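Architecture at a glance
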Amino acid sequence: MTPREEIEQLRKELEQHNYNYYVLNQPTISDFDFDQMMYRLQDLEMFYPQFADSNSPTQRVGSDLNQSFKTVAHKYPMLSLSNTYNEQEVRDFYNRVKEGLEGEDFEICAEMKYDGLSISLTYIDGELVQAVTRGDGVKGDDVTANVRTIRSIPLKLREGSGYPREFEIRGEILMPWTSFEKLNEERARREEPLFANPRNAASGTLKSQNSKVVAQRGLDAYLYYLLGDEFQADGYQYENLQEAASWGFKISQGMRKCRTIDEVLDFIDYWDKERKNLPVATDGIVLKVNSFRQQRHLGYTSKSPRWAIAYKFKAERACTRLNEVTYQVGRTGAVTPVANMDPVQLAGTVVKRASLHNADVMNDLDLHIGDMVYVEKGGEIIPKVVGVDKNQRTPDMQKVEFIKTCPECGANLVRYEGEAAHYCPNDSSCPPQIKGRIEHFISRKAMNIDSLGAETIDDYYQRGLIHDISDLYTLTVSDICGTNKNRVKSAQKVVEGVKSSLNVPFERVVFAIGIRFVGETTAKLIARHFQSMDALRHATVLDLMEVDGVGQVIAESVVKFFQDDKNVEIIGKLTAHGLQMSVSEEQKSNQTDRLSGKSIVISGVFQKHSRDEYKAIIEQNGGKNVGSISKKTSFILAGENMGPSKLEKAQSLGVSIVSEEEFLKMI
Ligand code: IVH
């Protein structure tokens, strides 16, 4: 087999496995075997750049390169549908169609209405060539590179399946519930703002400048509409979509042809309940006249087709009494109003609290204590108050006003320009802020002091043992125990845990001190760049922005942190207690120039370290990891399964091959 043939075969097989896994949900090989095939293909492509292909399965991992989106005009405008909200409106639509078709028989194709963002994909000769967002319906953003990373979108259509030479297919990009929850958990951990619902998350992700981010977020896509000059003028929506499924697309679940209005209403009824078991968010049903000929006959209004309509599901809603509005203060000082209500059953759970988000949202609702309020669970996970039944209000009820002072410490609240939230500015002595910062400091990815937890911290704080993170290092067993001798064992553990945190490397200390917007990754970046707390403390906004991955918001936040004398004082104490305030000698001594000036290609599968680790090792030792073999390549770090053709090229160029063991000895 020639390399080119092998590349093509691997691409075909990998794409088939992708399809089995992401579209059919029926994988036929293990993840491990899949990865091996992928590595092999990556190697071959690296080695034979002349066979590069932007639709190769290897391209699904995305790239770090920044992209700004090109605006592209849609060949056919992307229309929206008019909405209906109840059975009568659906019947009206059905009757309008019937009249429009002058008594001719017709079928309705009923589909899920997906709640994501619409996309238009163009295929030529069976290959994805362009993906454009809806935009304003006339023109949208070219997001092809990002869309290529979505595994259920075929980059190449299944051969011999009879697709037209050129066509557009439209559908919805979605973030499945499971990916959405995972993403928000991660963001909560990093104190980044949460996405309100999967649609926002999908949209934020698809607009990301970095396709690698998109590749990691687990987006999915369902397609529902075909367009092109080559489709038969007398075709059908349902049958065309079934065909598209055979070319490799994921299409609407549970699509059905309905012959009567009762069948349509049954379909709506069925999915109103059953949709809760779907992996992605849906907010209604779409009804389309099935025959293209009949669609043309019915035509369009200025905004939407007359042959189709959307029916929107009612969000689940309950009515209950508002008893009190309380306020939560987070570790950053942000104050969130919370409605406390009589418990009520809603979408399978009992709800008694609902977020009111911020002062504006709360004021718009014009809440009074004792009001009967409507609570909904829509696309969002946290229930929200959507309205008030004003008929049930009596004149004696008190209007709810947003508080002016912090419910925890009494400080006057502030509102920063451009922000919706109110903040308690008293970060140095407001209890939930202090405790929140200490909890963050001890957390696993920070100092990892697992002998302490939220309750212990609360206890120590109440007893006046700790006021800030530096106090942890002065805790003694007798302080902790007080008069209670039963506590000795656990107290010893705490003290030991605190002590061993002195070995936690500098980059995690940078994360642990809790600079706003500085998550785990950013902490690593700035720690490696500035090498010591002292250097970081004196860095200017411009210095900080020189670090790859640090933008203005983060840079300003770091500078602001060190402008606060309290923080500087705490860092001084932590330094005195012996925390790692610079990159350790050991880390530095791992840094050598043994590979300085060397260009190294990594190829094959390794036993001792991953490819990424080898890349890091090369860089730590002053070398450069390059993609393809050339005359300038110093050597190839070769694992198992390095292809014969690659060997050949290395030999013909006189590039030496170094095994994993030899390499490790070398450094
Ligand atoms: S068909 C001309 N089918 O809902 C008809 N749309 O306002 C084009 N949507 O913008 C749309 N699921 O983003 C169609 N099964 C489905 C759909 C669907 C969701 C979205 C689409 C469109 C909006 C309609």
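Structure: above.
Below: a short report on this structure.

What counts, and where the lines are drawn
Residues numbered from 1 in each chain as written. Predicted model: local features only at pLDDT ≥ 70, side-chain atom pairs only at ≥ 80, totals over all residues. Heavy atoms only, no water. Helix = DSSP H or I, 4+ residues; strand = E, 2+ residues; numbered from the N terminus. Phe/Tyr/Trp six-rings, centres within 6.5 Å; stacked < 30°, edge-to-face > 60°. Buried < 20%, exposed > 50% of the residue type's maximum accessible area, 1.4 Å probe, protein only. Lys NZ or Arg CZ within 6 Å of the ring centre and 35° of its normal. Core = buried A, V, L, I, M, F, W, Y, C linked by side-chain atoms within 4.5 Å. Contact = heavy atoms within 4.5 Å. Axes fitted to C-alpha atoms, helices over the stretch in contact; angles between N-to-C directions. Parallel < 35°, antiparallel > 145°, perpendicular 65-115°, else oblique. Left-handed = near helix turned anticlockwise from the far one by under 90°. Nonpolar A, V, L, I, M, F, W, Y, C, P; charged D, E, K, R; others polar. Pairing = 2+ DSSP bridges. Near = heavy atom within 4 Å. Polar contact = N/O pair within 3.5 Å; in protein donor to acceptor, adjacent residues only side chain to side chain. Areas by Shrake-Rupley, 256 points an atom, 1.4 Å probe, with all protein chains shown as cover.

**Examining the environment of Asp 548**
For Asp 548, the location among the structural elements is in the loop between α19 (541-545) and α20 (552-563). Along the primary structure Asp 548 and His 609 are separated by 61 residues, whereas in three dimensions their C-alpha atoms are 26 Å apart.

**Observations regarding the packing of aromatic side chains**
Aromatic ring pairs are reported here in terms of the distance separating the ring centres and the angle at which the planes meet. Considering all chains together, one arrives at 23 aromatic pairs under this definition. Relative to Trp 271, the ring of Tyr 270 has its centre 5.2 Å away and its plane inclined at 85 degrees; by these criteria the two rings are edge-to-face. Judged by relative accessible area, Tyr 270 falls into the partly exposed class, the value being 48%. Judged by centre distance (6.1 Å) and plane angle (85 degrees), the ring pair of Tyr 300 and Trp 307 falls under edge-to-face. One aromatic cluster is present, built from ring pairs that chain together Tyr 123, Phe 167, Phe 231, Trp 247 and Phe 249. Its guanidinium or amino end placed over the ring of Tyr 19, Arg 158 lies 4.3 Å from that ring's centre, counting from NZ or CZ. Of note, Arg 317 hangs over the ring of Tyr 374, and the distance from its end group to the ring centre comes to 5.2 Å.

**A short note on the nonpolar core**
Judged by nonpolar contacts, the single largest core of 70 residues is most densely connected at Leu 121 and Val 147. At seven residues, strand β8 (residues 220-227) tops the list of elements feeding residues into this core. Not counting residues up to four positions away in its chain, the partners in contact with Val 147 are Ile 119, Leu 121, Leu 128, Ala 131, Ile 153, Ile 173 and Leu 206. Residues Tyr 460, Ile 466, Ile 526 and Leu 544 belong to the second largest nonpolar core, which totals 53 residues.

**Some words on the packing of helix α2 (residues 31-47) against helix α24 (residues 644-653)**
Here α2 crosses α24 at 30 degrees, and the two axes come no closer than 10 Å. By the criterion of interaxial angle, the relationship of α2 to α24 is roughly parallel. Remark: the crossing between α2 and α24 carries left-handed chirality. Residues Arg 40, Asp 43, Leu 44, Met 46 and Phe 47 of α2 pack against Pro 644, Ser 645, Lys 646, Lys 649 and Ala 650 of α24. By residue class, the composition of the contact of α2 with α24 is five nonpolar, one polar and four charged.

**Focus on the packing of helix α1 (residues 3-23) against α2**
Taken N-terminus to C-terminus, the directions of α1 and α2 make an angle of 145 degrees; their axes are 10 Å apart at the nearest point. For the element pair α1 and α2, the recorded crossing hand is left-handed. On the side of α1, the interface is formed by Glu 6, Ile 7, Leu 10, Arg 11, Glu 13, Leu 14, His 17, Asn 18 and Tyr 21, while α2 contributes Asp 31, Phe 34, Met 37, Met 38, Arg 40, Leu 41, Leu 44 and Glu 45. Split into classes, the residues belonging to the contact of α1 with α2 amount to nine nonpolar, two polar and six charged.

**Brief notes about the pairing of strand β10 (residues 282-289)**
Counting buried residues along β10, eight of its eight residues qualify, which places the element largely inside the surrounding structure. Pairing between strand β3 (residues 108-114) and β10: seven bridges, direction antiparallel. The residue of β10 that forms the bridge with Ile 108 is Val 289. Where β10 and strand β11 (residues 308-312) come together, five bridges link them in antiparallel fashion. Looking at the pairing, Gly 284 lines up with Lys 312 of β11.

**As for the site of the ligand**
Taken together, Ser 80, Leu 81, Glu 111, Met 112, Lys 113, Tyr 114, Ser 118, Glu 172, Tyr 224, Val 286, Lys 288 and Pro 305 make up the full set of residues adjacent to the ligand. Leu 81 places a polar main-chain atom, nitrogen or oxygen, 2.9 Å from an oxygen atom of the ligand. For the ligand, a nitrogen atom lies 3.0 Å from a polar atom in the side chain of Lys 288. In the complex, 90% of the free accessible area of the ligand, which totals 530 Å², lies under the protein chains. If you list the elements that add at least two residues to the shell around the ligand, you get β3 and β10.

**A closer look at the sheet that holds strand β2 (residues 83-84)**
The sheet built from five strands is open, its strands ordered β2-β11-β10-β3-β9 with mixed pairing. The two strands at the open ends of the sheet, each matched to only one other strand, are β2 and β9 (256-258). In this structure, β3 lies alongside β9, joined through three bridges in antiparallel fashion. When the bridges of β9 are listed, Ile 108 appears paired with Cys 258. With respect to the sheet, helix α8 (residues 237-247) is in contact with β3, β9 and β10, its orientation differing from that of β3 by roughly 55 degrees. Sheet strands touched by helix α9 (residues 261-274): β3, β9, β10 and β11. Its angle to β9, the strand with the most contacts, is close to 145 degrees.

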